[in-house]
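Residues per chain are reported as follows:
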Amino acid sequence: MARHVVCAVSGGVDSSVAAFLLKQRGYRVTGLFVRSWDNAEEGIGCSVESDSEAAIKTCQVLNLPLRQVDFVKDYWHNVFSPLLSEYEQGLTPNPDLLCNKHVKFGRLLSFALGPLHADALATGHYAHTSATDKSIFDQRHDAKVDYPFQDAEHNDKNPAVVRLLKAVDTEKDQTLFLSQISQSALRYTIFPVGGLLKCEVRKLAASAGLQHTLKRKESAGICFIGKRKFGDFLLEYLDPRPGNFVCVEQGRKMGTHNGQFLFTIGQRAKIAVDSEAWFVVNKNPHTGDVFVAPGSRHPALFRDSFGMRQVHWISGLIPEELVSATEMECEFRFRHQMSLAPCTLKLLDDGAAWVRATKPARAITPGQFAVFYKGEECLGSGRISQLGPSLFELQQTQCMDQT
């Protein structure tokens, strides 16, 4: 009997080709389209109906059954509500990581392995793992997985650690967005396009009769915002809290704004003072002050250290090197397509960690996830909770010491 794989189909080219490749391998494939946002209530937003129509078209072309599920409540409680709360706290969250952790590789995976009786879940993410299809299918008969989003215990019956690896197409690599999923979820996941370049995926789509996916725009940004400006969208859910723009150099007021949550570090601040460009370098959510500096390369934008209260290790275990030495040389990034930067990660008490980068990085931002790598492996990630001093603050300290 052919193995059964549920493939999350969004209507885009990547997930459509993923489904095509699974069928080419001889698997019994079921397409699954997920609704995570209620357009009817919003009136506007992401094109859920258009996406659904494209997913239906994909499954018709490939002659696959398609199921549609509503995970709106799951998304609201596990992703959107925390997102609003974090913005109010002065943080800049990443909803894609939370969606993957709680919805796609939590609720969706449970649905695939449970009610749909699948042997594995597949998605169109650009990533791959150290597991083979055979090892994924074989374990299905060795253990019952009731809660795949919870980390599994490693023991003699469950010995193999599955590693999350970078995609072949380094420009499209999406391991950053997958860095919060659990080991037990990764064990049941297949990434069919992770070994291909984007241009190869598009060629496969054309040859498989999936031309409708080639005309669709690639998803970018947060889907539920639609064509609205992000600030306008947030103000539909959060009350305005006027505050001041404050020059980080002189401490003088530069203007006013409607809420610190409308700005993130590194963003240009539209201040009607002069023709010079000003950029956000820090925020105080308690006073509402948004600190700004002139120029996109101001030293107040750069720092070489930050802390995290906890790091999620995809293997389910702290790396041995870190356990034995409490420090580990690795690489990190906190933005998609950001070049990997060398750093030293130091393990602190209660699972907290402190990172010191070899070179100062621009716009390290609380609330974002720092994602760590060793060679081709994505080790995991932690939410940035504390910032070290900026280059500007260090310069000020040096000046004070000299006087």
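Chemist: What is the right way to read unusual backbone geometry from this model?
Modeler: In most cases, non-glycine residues show a negative phi, while peptide bonds are predominantly trans. Unusually for a residue other than glycine, N63 sits at a positive phi of about 60 degrees. Looking at the secondary structure, you find N63 in the loop between α3 (48–62) and β3 (66–70). Judged by its relative accessible area of 62%, N63 falls in the exposed class. Of note in this structure, A363 is not a glycine but carries a positive phi near 60 degrees.

Chemist: Before we go on, may I ask you to explain α3 in this structure?
Modeler: The periodicity of an α-helix, 3.6 residues per turn, causes residues three or four positions apart to be oriented the same way. Spanning 15 residues, α3 covers 21 Å between terminal C-alpha atoms, matching the ideal 21 Å at 1.5 Å per step. Where α3 is concerned, the buried positions are V48, S52, A54, A55, T58, C59 and L62. One side of α3 carries all its buried residues, which in axial view fall inside an arc of 165 degrees. Opposite the packed face of α3, turned more than 90 degrees from it, sit the exposed residues E53 and Q60. Backbone geometry just downstream of α3 places N63 in the positive-phi region, at approximately 60 degrees.

Chemist: Sorry, what's going on with the packing of aromatic side chains here?
Modeler: Each pair of aromatic rings is reported with the distance of its centres and the angle of its planes. Enumeration over the complete set of coordinates arrives at 15 aromatic pairs. Seen from their ring centres, Y27 and F137 are 5.2 Å apart, and the 85 degrees between their planes marks the pair as edge-to-face. Of the two residues, Y27 sits in the loop between α1 (13–24) and β2 (28–35) while F137 sits in helix α6 (residues 133–139), which places them 110 residues apart along the sequence. Classification of Y27 as buried rests on a relative accessible area of 17%.

Chemist: Honestly, the pairing of strand β1 (residues 4–8) in this entry has me stumped. Any pointers?
Modeler: Taken across its five residues, β1 has five buried, putting it largely inside the fold. Between the parallel pair β1 and β2, the chain is carried across by α1, and the sense of this crossover is right-handed. Here β1 pairs with strand β4 (residues 120–122) via three bridges, running parallel. For V5, the partnering residue across the bridge sits in β4 and is A120.

Chemist: Help me understand the pattern of salt bridges, please; the structure alone is not making it clear to me.
Modeler: Opposite charge on two side chains lets them pair, provided their charged atoms get close. Per the counting criterion, the structure on display carries 16 salt bridges. Its salt-bridge partner being D133, residue R25 comes within 2.8 Å of it at the nearest N-O pair. With R25 in the loop between α1 and β2 and D133 in helix α6, this pair connects stretches of sequence that are 108 residues apart. A salt bridge links E88 to R241; its shortest N-O distance comes to 3.3 Å. Note that E88 is positioned in helix α4 (residues 72–88) and R241 in the loop between α10 (230–234) and β8 (243–247), a separation of 153 residues in sequence. With relative accessibility at 47%, the residue R241 sits in the partly exposed group. Within this structure, R3, D119, K134 and D138 form a network of salt bridges that share partners.

Chemist: For this particular structure, what's the right way to read the state of the cysteines?
Modeler: By definition, a disulfide links two cysteine residues through a covalent bond between their sulfur atoms. On inspection of all chains with the given rule, the structure shows zero disulfides. Of the cysteine sulfurs around C330, a residue in no disulfide, the closest is that of C343, at 3.7 Å. Looking at C330, the relative accessible area reads 7%, which means it is buried. Since its relative accessible area comes to 1%, C343 is described here as buried.

Chemist: When you look at the environment of P299 in this model, what are you seeing that I'm missing?
Modeler: Locating P299 in the fold gives a position in the loop between β12 (289–294) and β13 (302–308). In the structure, P299 is positioned 94 residues away from E393 in sequence and 8.4 Å away in space, judged by C-alpha atoms. Setting aside its immediate chain neighbours within four residues, P299 contacts S390, L391, F392 and Q395.

Chemist: In this structure, what is going on with the nonpolar core? I would like to understand it.
Modeler: Note on soluble globular proteins: their nonpolar side chains tend to be buried together. One finds L164, F245 and V292 to be the most contacted residues of the largest nonpolar core, which totals 56 residues. Here the element with the most residues in this core is helix α5 (residues 95–113); it accounts for 10 residues. Among residues more than four places away in sequence, those in contact with F245 are R252, K253, M254, G255, T256, H257, F263, A269, I271, V290 and V292. Formed by 32 residues, the second largest nonpolar core is a distinct cluster that contains L301, M308, F332 and F392.

Chemist: Could you clarify how one ought to interpret the packing of α1 against helix α8 (residues 198–207) in this entry?
Modeler: For any two helices packed against each other, the geometry comes down to the angle between their axes and how far apart the axes lie. Put simply, α1 and α8 touch, their axes get as near as 9 Å, and they point 65 degrees apart. The angle between α1 and α8 falls in the class roughly perpendicular. Here the hand of the crossing between α1 and α8 comes out left-handed. Contacts between α1 and α8 pair V13, D14, V17, F20 and L21 from the former with K198, V201, L204 and A205 from the latter. Of the residues in the contact of α1 with α8, the class split is seven nonpolar, no polar and two charged.

Chemist: Can you walk me through the environment of P342 in this structure?
Modeler: Following the sequence through the fold, P342 ends up in strand β16 (residues 341–347). Take P342: its relative accessible area is 42%, and that puts it in the partly exposed class. When the C-alpha positions of P342 and F372 are compared, they lie 9.6 Å apart, and in sequence the two are 30 residues distant. Sequence-distant contacts of P342, defined by excluding residues within four places in its chain, comprise C330, E331, F332, A357 and T358.

Calculation notes
Residues numbered from 1 in each chain as written. Predicted model: local features only at pLDDT ≥ 70, side-chain atom pairs only at ≥ 80, totals over all residues. Heavy atoms only, no water. Helix = DSSP H or I, 4+ residues; strand = E, 2+ residues; numbered from the N terminus. Buried < 20%, exposed > 50% of the residue type's maximum accessible area, 1.4 Å probe, protein only. Expected span 1.5 Å × (residues − 1). Arc of directions from axis to C-beta. Phe/Tyr/Trp six-rings, centres within 6.5 Å; stacked < 30°, edge-to-face > 60°. Right-handed = clockwise from strand over helix to strand, strands pointing away. Pairing = 2+ DSSP bridges. Salt bridge = Lys/Arg side-chain N within 4 Å of Asp/Glu carboxyl O. Disulfide = S-S within 2.5 Å. Contact = heavy atoms within 4.5 Å. Core = buried A, V, L, I, M, F, W, Y, C linked by side-chain atoms within 4.5 Å. Axes fitted to C-alpha atoms, helices over the stretch in contact; angles between N-to-C directions. Parallel < 35°, antiparallel > 145°, perpendicular 65-115°, else oblique. Left-handed = near helix turned anticlockwise from the far one by under 90°. Nonpolar A, V, L, I, M, F, W, Y, C, P; charged D, E, K, R; others polar.

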